[in-house]
Amino acid sequence: VDDAIVMLENIVRHAEMGKTRQQAVMDGSREIAFTIVSMTLSLAAVFLPVFFMEGIVGRLFHEFAVTICSAVLISGLVSLTLTPMLCNVVMRPHAPERHGKLFNLFEDGFQSLRLFYQRTLDWTITHHRLAMIASLVVLVLTVVLFRVVPKGFLPSEDTGSLRVSTEAEQGVPFETMMARQQKLMEIVAKDEAVKGYMSVVGGGGPNSGNNSGRLMLQLTPRKERDDADTVLQRLRGKLSQVPGIRAFLSNPPPIRIGGRSSKGQYQYTLQSPNTEELFRVTAALEEQLREVEMLQDVTSDMELNNPELSVTIDRDRASALGVSAYQIENALAASFGNRKISSIYAPTDTYDVLMELAPKYQANPDALAMLSVRSQSGKLVRLGSVAHWTQSVGPLSINHSGQMPSATISFNLQPGTSLGTAVSEVEKLVQEVVPPSISTSFQGEAETFQDSMQGLWLLLLLSVLVIYLVLGVLYESFVHPLTILSGLPSAGVGALLTLMIFGVDLNIYGFVGIIMLIGIVKKNAIMMIDFAVDAQRTQGLDARAAIREGALVRFRPIMMTTMAALMGTLPIALGFGAGADARRPLGLAVVGGLLFSQLLTLYFTPVYYIYLDAAQRRIFRRKAD
């Protein structure tokens, strides 16, 4: 609605000069038309880089960029055509009226605010060197804040579900693992925030073996409980008290990005053809990461101590007794596996008949000595007569990434820890522990975070560059676009300070909020500078008088558009509605940036205009000479 506000305010201002309604509409719309064109095109240009962005950021915000660009262009067209027409039809001729107390209260408050701005603006223009120094300090502060602000990727959302991965010691019997997980289920069922759950135990799917399990929790409606992260931390403390089993809780993000299935949300993978060195270094790195306070649930997919039973066939003796290796393998598979040997056909269903050893024998290696294999002559031959066996430990599996043996360490973050800080800490430890012979890289969300951070910085720079080029074409000047962009550092400081005050990471939604902020903030400067350029050209005013007049005349529409933007994004910043946690960084960045930049750009932009106009005139004089 900004364009329509600016058009309406300018028409009303001309009507307040005593002009007729039609004349005020004609003069006001003609005077402000170029300003609206500049505002519209430059704001739409901000989102062009977002539209062409590749990767996960591009996929997330492609539709967002299309919607914003379309809405901005349509609003500009409406403000240039429909708004003046409606003013000519609806607006009453300006005449002295008696208003109520509320109107007078607001009007007196605004006039007092405008008078205060006029006095402080005159002081700022008089002490322009001090204002320039302050603006440079803000620029340096912007760079510093961008470096120190905690950075994240996809914010945690309360989707009403939690995931629990469980793990016991290697080689634990299935029955024991099931009994331990049953204790976890009893704890979960007693929590008032859990509406229901599903439990899975044993190898298969994402579970690596019988010592693994999973719990999927469905939470009660949001208004009846704490947020999902609070529930997660509460359950983490309760589940950690169950002996013999570890529980890894996570609040799965709504968007799953790459990476292998793991017990933690973030993964770090090591690769090497030398498996002995790979396992040794991974274990050392895992031990070091467990000591990092900002990480929790540190574990790896290495399971190297799984009990093994190696059966060695004496082939010569087996052949002499008429027993083949296939018969021995078949006997072992039928004893310790689940072999279907028949089916029972009932009137309403069919039942499989499975053959296996009794459970008490399946977990006992001595049961092998009791097994017999039928030879070709029909006699039973004891397995111990044709084979011997040894017990040992070994890896349950050796994972591969890109056809190379790999080991993956997964972890979650402590509450209040940003992903950017955790990634930096992990990389610092890797440089100390991991030798160059082992390849390392983040996987999944952590890897995408690293790639996206570089892309987002490029996106920010491209947005500023596109605005500069568009404004340079519109104003046919290299200087005035710099004046318009002079307010961006103050907007960045406000956005970053707001995120830090509220303890919110600068994630991809916050970055998009800053890009939106770039488009909104530069509107204030465009309104002032466009008036000042026209006043210099038509009235012969010098730069100081022209920009002072432009700032005072445009003070009202600047305040109106800023308040409109604030009121529009305030519900997002406050976190209203479903999925509000994800959008909140965007709202906080826009609200904080607008509040801070509104205060500074009203003073910094006139000072920059005076300096840059003088620099432009010196350049023109040198060219003329």
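Residues numbered from 1 in each chain as written. Predicted model: local features only at pLDDT ≥ 70, side-chain atom pairs only at ≥ 80, totals over all residues. Heavy atoms only, no water.

Draft legend 1. Fine view of the overall build of the protein chain. Along the protein chain, the regular secondary structure elements total 21 helices and 15 strands. Taken over the C-alpha trace, the protein chain has a radius of gyration of 35 Å; the compact-globule value for 625 residues is 25 Å, which it surpasses by more than 25%. A buried classification covers 47% of the 625 residues belonging to the protein chain. Of the contacts made within the protein chain by residues no fewer than 6 positions apart, 77% connect residues no fewer than 24 positions apart. For the protein chain, the exposed area adds up to about 31500 Å²; of that, 58% sits on carbon and sulfur atoms. A distance of 5 Å separates the average location of the 54 positive side-chain charges in the protein chain from that of its 56 negative side-chain charges. (Helix = DSSP H or I, 4+ residues; strand = E, 2+ residues; numbered from the N terminus. Rg over C-alpha atoms; globule rule 2.2 N^0.38 Å. Buried < 20%, exposed > 50% of the residue type's maximum accessible area, 1.4 Å probe, protein only. Contact = heavy atoms within 4.5 Å. Areas by Shrake-Rupley, 256 points an atom, 1.4 Å probe, with all protein chains shown as cover. Lys, Arg positive; Asp, Glu negative; His and termini not counted. Charge placed at Lys NZ, Arg CZ, Asp CG, Glu CD.)

Draft legend 2. Geometry of the packing of helix α2 (residues 21-46) against helix α4 (residues 55-90). Viewed as axis vectors pointing N to C, α2 and α4 meet at an angle of 175°, and their least axial separation amounts to 10 Å. The angle between α2 and α4 falls in the class roughly antiparallel. Residue-level inspection shows Arg-21, Gln-22, Val-25, Ser-29, Ala-33, Ile-36, Val-37, Thr-40, Leu-41, Leu-43 and Ala-44 of α2 in contact with α4, the latter providing Cys-69, Val-72, Leu-73, Gly-76, Ser-79, Leu-80, Pro-84, Cys-87, Asn-88 and Val-89. Considering only residue class, the contact of α2 with α4 consists of 14 nonpolar, 6 polar and 1 charged. (Axes fitted to C-alpha atoms, helices over the stretch in contact; angles between N-to-C directions. Parallel < 35°, antiparallel > 145°, perpendicular 65-115°, else oblique. Nonpolar A, V, L, I, M, F, W, Y, C, P; charged D, E, K, R; others polar.)

Draft legend 3. Spatial organisation of the pairing of strand β1 (residues 161-167). For β1, the tally of buried residues reaches 6 of 7 residues, placing the bulk of the element in the interior. Judged from the 7 bridges that link them, β1 and strand β3 (residues 212-219) form a sheet pairing that is antiparallel. Bridge pairing in β3 links Ser-165 to Arg-214. In this sheet, strand β4 (residues 246-250) lies alongside β1 in antiparallel orientation, the contact comprising 5 bridges. Bridge assignment links Arg-163 to a residue of β4, and that residue is Ser-250. (Pairing = 2+ DSSP bridges.)

Draft legend 4. Quick look at the packing of aromatic side chains. Across all of its chains, the model carries 6 aromatic pairs by this definition. Ring plane angle 15° and centroid distance 4.8 Å describe the contact between Tyr-117 and Phe-555, whose orientation is recorded as stacked. Of this pair, Tyr-117 sits in helix α5 (residues 101-126) while Phe-555 sits in helix α20 (residues 555-574), and the two are 438 residues apart along the sequence. Given the relative accessible area of 2%, Tyr-117 is considered buried. Seen from their ring centres, Tyr-266 and Phe-411 are 5.8 Å apart, and the 35° between their planes marks the pair as tilted. With Tyr-266 in strand β5 (residues 266-271) and Phe-411 in strand β14 (residues 404-413), this pair connects stretches of sequence that are 145 residues apart. With respect to burial, Tyr-266 and Phe-411 carry one shared label: buried. Through successive ring pairs, a cluster of aromatic residues spans Phe-110, Tyr-117, Phe-555 and Tyr-603. (Phe/Tyr/Trp six-rings, centres within 6.5 Å; stacked < 30°, edge-to-face > 60°.)

Draft legend 5. Inspection of unusual backbone geometry at higher detail. One non-glycine residue, Asp-297, lies in the positive phi region at around 60°. Inspection of the secondary structure puts Asp-297 in strand β6 (residues 295-300). The class for Asp-297 is buried, based on a relative accessible area of 13%.

Draft legend 6. Fine view of the sheet that holds β4. Overall, antiparallel pairing links the 4 strands, which are arranged β2-β3-β1-β4 in an open sheet. The open sheet has two free edges, formed respectively by β2 (194-201) and β4, since each of these has just one partner strand. Each adjacent strand pair in this sheet contributes to an overall mean axis angle of 20°, direction not counted. Sheet contacts for helix α8 (residues 228-239): β1, β2, β3 and β4; angle to β4, the most-contacted strand, approximately 175°.

Draft legend 7. View of the pattern of salt bridges. Inspection of the entire model under this criterion finds 18 salt bridges. Two residues, Glu-16 and Arg-556, come together in a salt bridge whose shortest N-O distance is 3.6 Å. On the criterion of sequence distance, the pair formed by Glu-16 in helix α1 (residues 2-16) and Arg-556 in helix α20 is long-range, its members being 540 residues apart. Overall, the relative accessible area of 39% leaves Glu-16 in the partly exposed class. In this structure, the salt-bridge partner of Asp-122 is Arg-548, at a minimum N-O distance of 2.6 Å. Within this pair, whereas Asp-122 is found in helix α5, its partner Arg-548 is found in helix α19 (residues 543-553), the two being separated by 426 residues in sequence. Its relative accessible area of 28% is what places Asp-122 among the partly exposed residues. Arg-548 sits in the partly exposed class, given a relative accessible area of 25%. Overlapping salt bridges bring together Asp-191, Glu-192, Asp-226, Arg-234 and Lys-238 as one network. (Salt bridge = Lys/Arg side-chain N within 4 Å of Asp/Glu carboxyl O.)

Draft legend 8. The arrangement of helix α18 (residues 508-539) in detail. Taking 1.5 Å per residue as the helical rise, α18 with its 32 residues ought to reach 46 Å, and the 47 Å between its terminal C-alpha atoms agrees with that figure. The distance from a side-chain oxygen at the start of α18 to the backbone nitrogen of Tyr-509 is 3.1 Å, and the residue carrying that oxygen is Asn-507. (Expected span 1.5 Å × (residues − 1). Polar contact = N/O pair within 3.5 Å; in protein donor to acceptor, adjacent residues only side chain to side chain.)

Draft legend 9. How the structure looks around the side chain of Ser-486. Within the fold, Ser-486 resides in the loop between α16 (480-485) and α17 (488-501). A polar atom in the side chain of Ser-486 sits 2.6 Å from the backbone oxygen of Thr-483. Setting aside chain neighbours within four positions, we find Ser-486 in contact with Thr-605 and Tyr-608.

Draft legend 10. Region of the structure containing the environment of Trp-389. Turning to its location among the elements, Trp-389 is positioned in strand β12 (residues 387-394). Judged by its relative accessible area of 24%, Trp-389 is partly exposed. As a C-alpha pair, Trp-389 and Ala-24 span 365 residues in sequence and 102 Å in three-dimensional space. Residues in contact with Trp-389, not counting those within four places in the same chain, are Leu-309, Ser-310, Val-311, Pro-365, Leu-368, Ala-369, Leu-383 and Gly-384.

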